[in-house]
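Residues per chain are reported as follows:
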Amino acid sequence: MEMKLTVLGNNGPYPTANGACSGYLIEHDDTKILLDCGNGVMSNLLNVCDIMKLDAIILTHLHPDHISDIFIMRYALQRKGIQIPLYAPSSPSDEYKRLEYKNVFDICEIYQDLKLTIGQLSITFREFKHVLRNYGICIETENKKFVYTGDMIYDENIIEFASNSDVLLIEAGVLHRDLKFNPPHLSAKQACEIGKKSKVKKLFLTHFNPEYTIDEYIKESINQFDGLLVLATIMKTYQI
Ligand SMILES: [Zn+2]
Ligand SMILES: [Zn+2]
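Since this is a predicted model, take the numbers as computed values, not measurements.

Peer 1: What is the right way to look at the coordination of the zinc ion (ligand 2) in this model?
Peer 2: By definition of the ideal shapes, a tetrahedral metal site with four donors has angles of 109.5 degrees and an octahedral site with six donors has angles of 90 or 180 degrees. Ligation of the zinc ion (ligand 2) by protein atoms is provided by H61 (NE2), H63 (ND1), H130 (NE2) and D151 (OD), these donors lying 2.1 to 2.4 Å from the ion. Coordination at the zinc ion (ligand 2) is irregular: its four donor atoms span angles of 90 to 167° at the metal. Mapped onto the sequence, the residues coordinating the zinc ion (ligand 2) show the spacing H-x1-H-x66-H-x20-D. A spacing of 3.4 Å is found between the zinc ion (ligand 2) and the zinc ion (ligand 1), which share D151 as a donor. Of the two residues, H63 sits in the loop between β4 (56-58) and α2 (64-67) while H130 sits in the loop between β8 (121-128) and β9 (134-140), which places them 67 residues apart along the sequence. For H63, a relative accessible area of 18% translates into the label buried.

Peer 1: Before we go on, may I ask you to explain the pattern of salt bridges in this structure?
Peer 2: Any two side chains of opposite charge can pair, so long as their charged atoms come close to each other. Enumeration over the complete set of coordinates arrives at nine salt bridges. K197 is paired through a salt bridge with E193; the nearest N and O atoms lie 3.2 Å apart. Within this pair, K197 and its partner E193 are both found in helix α6 (residues 188-197), separated by four residues, close to a single helical turn. Residue class for K197 comes out partly exposed when judged on its relative accessible area of 40%. If you follow the salt bridges from partner to partner, you end up with E156, E193 and K197 in one network.

Peer 1: Just to check I follow, could you spell out helix α7 (residues 214-221) for this structure?
Peer 2: Every α-helix winds through 3.6 residues per turn, so residues three or four apart in the chain are directed the same way. Among the residues making up α7, those that are buried are Y217, E220 and S221. Buried residues of α7 fall within an arc of 85° about the axis and therefore sit on the same side. Those residues of α7 that are exposed and angled more than 90 degrees off the buried face are D215 and K219. Taken together, the buried residues of α7 touch α6, β12 (202-206) and β13 (228-231). Remark: N223 follows α7 within two positions and exhibits a positive phi of approximately 65°.

Peer 1: Whenever I open this one, the coordination of the zinc ion (ligand 1) confuses me. Can you help?
Peer 2: Of the protein atoms, only D65 (OD), H66 (NE2), D151 (OD) and H207 (NE2) coordinate the zinc ion (ligand 1), at distances of 2.1 to 2.2 Å. Relative to the metal, the four donor atoms surrounding the zinc ion (ligand 1) lie at angles of 88 to 161°, and the coordination shape comes out irregular. All donors to the zinc ion (ligand 1) come from one chain, and their sequence spacing reads D-H-x84-D-x55-H.

Peer 1: Sorry, what's going on with the nonpolar core here?
Peer 2: A general trend in soluble globular proteins is that nonpolar side chains are found buried together. Among the nonpolar cores identified, the biggest contains 29 residues, and L5, L35, I123 and F146 are the most heavily contacted of them. The residues touching L5, leaving out its near neighbours within four places in the chain, are Y24, L25, I26, F146, L169, F204, K236, T237, Y238 and I240. Formed by 28 residues, the second largest nonpolar core is a distinct cluster that contains I84, Y101, V104 and L132.

Criteria and cut-off values
Residues numbered from 1 in each chain as written. Chains lettered and ligands numbered in written order. Predicted model: local features only at pLDDT ≥ 70, side-chain atom pairs only at ≥ 80, totals over all residues. Heavy atoms only, no water. Donors = N, O, S within 2.8 Å, 3.2 Å for Na, K, Ca; no water. Tetrahedral: all angles 85-135°; square planar, octahedral: opposite > 155°, others 65-115°. Helix = DSSP H or I, 4+ residues; strand = E, 2+ residues; numbered from the N terminus. Buried < 20%, exposed > 50% of the residue type's maximum accessible area, 1.4 Å probe, protein only. Salt bridge = Lys/Arg side-chain N within 4 Å of Asp/Glu carboxyl O. Arc of directions from axis to C-beta. Contact = heavy atoms within 4.5 Å. Core = buried A, V, L, I, M, F, W, Y, C linked by side-chain atoms within 4.5 Å.

As structure tokens, this is what we get:
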């Protein structure tokens, strides 16, 4: 059984017209996991998945462009009377507390050595530096490895964490020319370098900032990675 990735939102920190911020559906057999749930994600998710069928939601960090639709989805879940496991970092604690709502989520804290098994998927986490506490997510089956960074600044540890993955979904929140402003994000060029050093098979760039054009992203990343390079496209499903 193959793992599939559907991109529900690929912008940050705000969307383009008709766009959506971070949200990715991972499917394997009957298992469905939502990674991040930014603004616009729930509406897109409903095109491809009944939210009652979600086995878990995992939030990399608690910035609004990764969690806003959680605060909307809870109304739907409340009406349906079901509880979905929700994994998130517990910092900042006031944001973490805000996730609680009438028990619609079974909220569990993510920490560095946490290991989850959901369906046939093994899931591990690694903290990467960002403005807020952020965890990269590694999802493995018997023969496939998928890694998603969340948001992060450059950190050599990602190379080991993502090594030899079939797909590395990596944020490229800025273009290289803007690193001089010390943004809490990777540039597209850095993302490609990480892909290369980790020897990943397919590199998916995401978290596109609407301040740039997609052409600028292509220009910066072209020929920077030896394997298959993909700019994650909204509402597209990819085999991992
Ligand atoms: Zn973000
Ligand atoms: Zn962020």
